[in-house]
Amino acid sequence: MNDLASIPAPASGRRPTARLPGDGSGVAEAARLIRAGACVAFPTETVYGLGADATDAEAVAGIFAAKARPRFNPLIAHLPGRTAAEGQGTFDDHALRLAEAFWPGPLTLVVPASGGTTVCDLARAGLPSVALRVPANPLARDLLAAIGRPVAAPSANRSGRVSPTRADHVLADLDGRIAAVLDGGDTPVGIESTVVACLGGPPRLLRPGGITREAIAAVLGTALAAPAQDDAARPIGPGLLASHYAPRAALRLDAEVVEPEEAVLLFGASRPVGIERACAVSNLSPRGDLTEAASRLFAALRDLDASGAATIAVCRIPADGLGEAILDRLGRAAAPR
Ligand code: TXA
Ligand code: MG
């Protein structure tokens, strides 16, 4: 699926990517670049996004080229506040309740696009719906307010690779392929937003993420439905392809025994048999906290990958709360490629 070599680099060539400071001057320069049609990576509370003007199809095409994304998948449009977001789509009662409870924050709502939506067809992959998100990161909100248009942004990594949670991760994948990265330090949530479709009928969970299923059910007063097999809104984004979020090393889940020369990803206090044989070890949360584990997940995968191990053995992680999103990403990273 990842035929990276066949996708050309952006026509802008390979000038080094500027690292912009996480202050007013950096925000102003990032806003200027995006308004001029360039791609700029910026921090959200979840992961770094690769932003472009969502109203400009040519700018959005630049995202796919920079990421070497093999297909045109629908992207999330980011807005600085609820009023701006609600102008782009039609919100039913469920969507309004979720927006009220979780925006700004790591929730994406897929709703019918409004007649007046300015998000271009390419960013919506030609769908009648639109994915909207109001991020909580203050730099992101300042940037979006300064741009004054919706900003399309997938995670700022090469297609199929691990999502970036710091500016160095963005540069490791995209240096020379994008105009700039706005450096806001580490992203606190560390895992992408939860994607919920509100398209009439019961809201459906399209992707687990930074807001737990339980928290959403508490607001709705009812459990989220799963996407149906024949669902017209069935997600087609790469975040939902089986093999995604993949480090170079193979992953082995629920490992109870470590084989020689494997790298090991731990959670909590339990230790697999043979851990002394590991060539590298990282613990997502020694105190067994799933929020901390989510925030460290992608950086830990990058670190263990850098050890050169052929396989990363992943110890058991609980499936409740944010564990659902963590296990979703690990399962995709472990899928055959
Ligand atoms: O936390 C996040 O969500 C990050 C930051 C940068 O905001 N963004 C992100 O974007 O993870 P991306 O492109 O990797 O994932 C977008 C997800 C995909 O699974 C895609 O299929 C889904 O949203 N999506 C977007 N528009 C959709 C639509 N109209 N219908 C169904 N799914 C949609
Ligand atoms: Mg992604």
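Read on for an overview of the structure. Residue positions are given per chain, counting from 1 as you read along its sequence in written order. Each chain takes a letter, starting from A, and each ligand takes a number, starting from 1, following the order in which they are written. Reporting of local features is limited, given that this is a predicted model, to residues whose pLDDT is at least 70; pairs of side-chain atoms are given and counted only at 80 or more, and all residues count toward the totals for whole chains, interfaces and linings. Hydrogens are left out, water is left out, and the side-chain values use all remaining heavy atoms of the structure.

Here Gly89 lies in the loop between helix H3 (82–86) and helix H4 (93–102). On the basis of relative accessibility, which here comes to 9%, the residue Gly89 falls in the buried class. Note: C-alpha distance between Gly89 and Ser114 (25 residues apart in sequence) is 4.3 Å. Whether two residues are in contact is decided by their heavy atoms: any pair within 4.5 Å suffices. Leaving out residues up to four positions away in the same chain, Gly89 has contacts with Val111, Pro112, Ala113, Ser114, Val130 and Leu132. For the purposes of this entry, the term helix denotes a DSSP run of H or I that reaches at least four residues, the term strand denotes a run of E that reaches at least two, and both are numbered from the N terminus. For every residue, the accessible area obtained with a 1.4 Å probe (protein chains only) is divided by the maximum for its type, and the residue is called buried under 20%, exposed over 50%, and partly exposed between those limits.

Let us look at the packing of helix H8 (residues 290–306) against helix H9 (residues 323–334). Where H8 meets H9, the closest approach of the two axes is 9 Å, and the angle between their N-to-C directions is 20°. It follows from the interaxial angle that H8 and H9 lie roughly parallel. For the crossing formed where H8 meets H9, the hand is left-handed. On the side of H8, the interface is formed by Leu290, Ala293, Ala294, Leu297, Phe298 and Leu301, while H9 contributes Gly323, Ile326, Arg329 and Leu330. Classifying every residue of the contact of H8 with H9 gives 8 nonpolar, 1 polar and 1 charged. Here an axis means a line fitted to C-alpha atoms, over the contact stretch when the element is a helix, while the angle between two N-to-C directions is reported on a 0 to 180 degree scale. Angles are sorted into four bins: roughly parallel if under 35 degrees, roughly antiparallel if over 145, roughly perpendicular if 65 to 115, and oblique for all others. Left-handed describes a crossing whose near helix is turned anticlockwise from the far helix through less than a right angle; right-handed describes the clockwise counterpart. Basically, the charged four are Asp, Glu, Lys and Arg, the nonpolar ten are Ala, Val, Leu, Ile, Met, Phe, Trp, Tyr, Cys and Pro, and anything else, Gly included, counts as polar.

Two numbers describe how helix H1 (residues 24–35) lies on helix H5 (residues 138–147): the axes approach to 9 Å, and their chain directions differ by 45°. If you check the angle between H1 and H5, you find them oblique. In terms of crossing hand, the pair formed by H1 and H5 is right-handed. Between H1 and H5, the contacting residues are Val27, Ala30, Ala31, Ile34 and Arg35 on the first element and Leu139, Asp142, Leu143, Ala146 and Ile147 on the second. A per-class count over the contact of H1 with H5 returns 8 nonpolar, no polar and 2 charged.

Our next topic: H9. One turn of the α-helix equals 3.6 residues, which is why residues spaced by three or four share an orientation. Multiplying 1.5 Å by the helix residue count minus one yields the expected span of that helix. The end-to-end C-alpha distance of H9 is 16 Å, a good match for the 16 Å that 12 residues give at a rise of 1.5 Å each. Turning to H9, its buried residues number three or more, namely Gly323, Ala325, Ile326, Asp328, Arg329, Leu330, Arg332 and Ala333. Contacts from the buried residues of H9 go to strand S10 (204–207), strand S11 (250–252), strand S12 (263–266), H8 and strand S14 (311–314).

As a further point, take empty space enclosed by the protein. One simple way to see leftover space: roll a probe sized like a water molecule over the atoms. Residues are called lining when one of their atoms sits within 4 Å of a cavity or pocket point, these points coming from a 1 Å grid over the protein atoms alone, where a cavity is a set in which a 1.4 Å probe fits but cannot get out and a pocket is an open set with protein on both sides within 12 Å along at least five of seven lines. Grid points are joined across faces, edges and corners, and a volume is the space filled by probe spheres set on the points. If you walk through the whole model with that rule in mind, you get 2 cavities of 30 Å³ or more. Reported here for the second largest cavity is a volume of approximately 40 Å³. For the second largest cavity, the full set of lining residues is Thr194, Leu205, Pro208, Gly209, Ile211, Thr212, Arg213, Gly321, Glu324 and Ala325. Its residues assigned to classes, the lining of the second largest cavity shows 4 nonpolar, 4 polar and 2 charged.

Once that is clear, we can look at the pattern of salt bridges. Throughout this description, the term salt bridge denotes a Lys or Arg side-chain nitrogen within 4 Å of a carboxyl oxygen of Asp or Glu. Within the structure shown, the criterion is met by 19 salt bridges. The salt bridge partner of Asp173 is Arg161, with a shortest N-O separation of 3.6 Å. Of the two residues, Asp173 is situated in helix H6 (residues 167–174) and Arg161 in the loop between strand S7 (151–152) and H6; the sequence distance between them amounts to 12 residues. The exposure class of Asp173 is buried, given its relative accessible area of 10%. Between Asp289 and Arg287 there is a salt bridge, and its shortest N-O distance comes to 3.4 Å. Residue Arg287 is classed as exposed on the basis of its relative accessible area of 61%.

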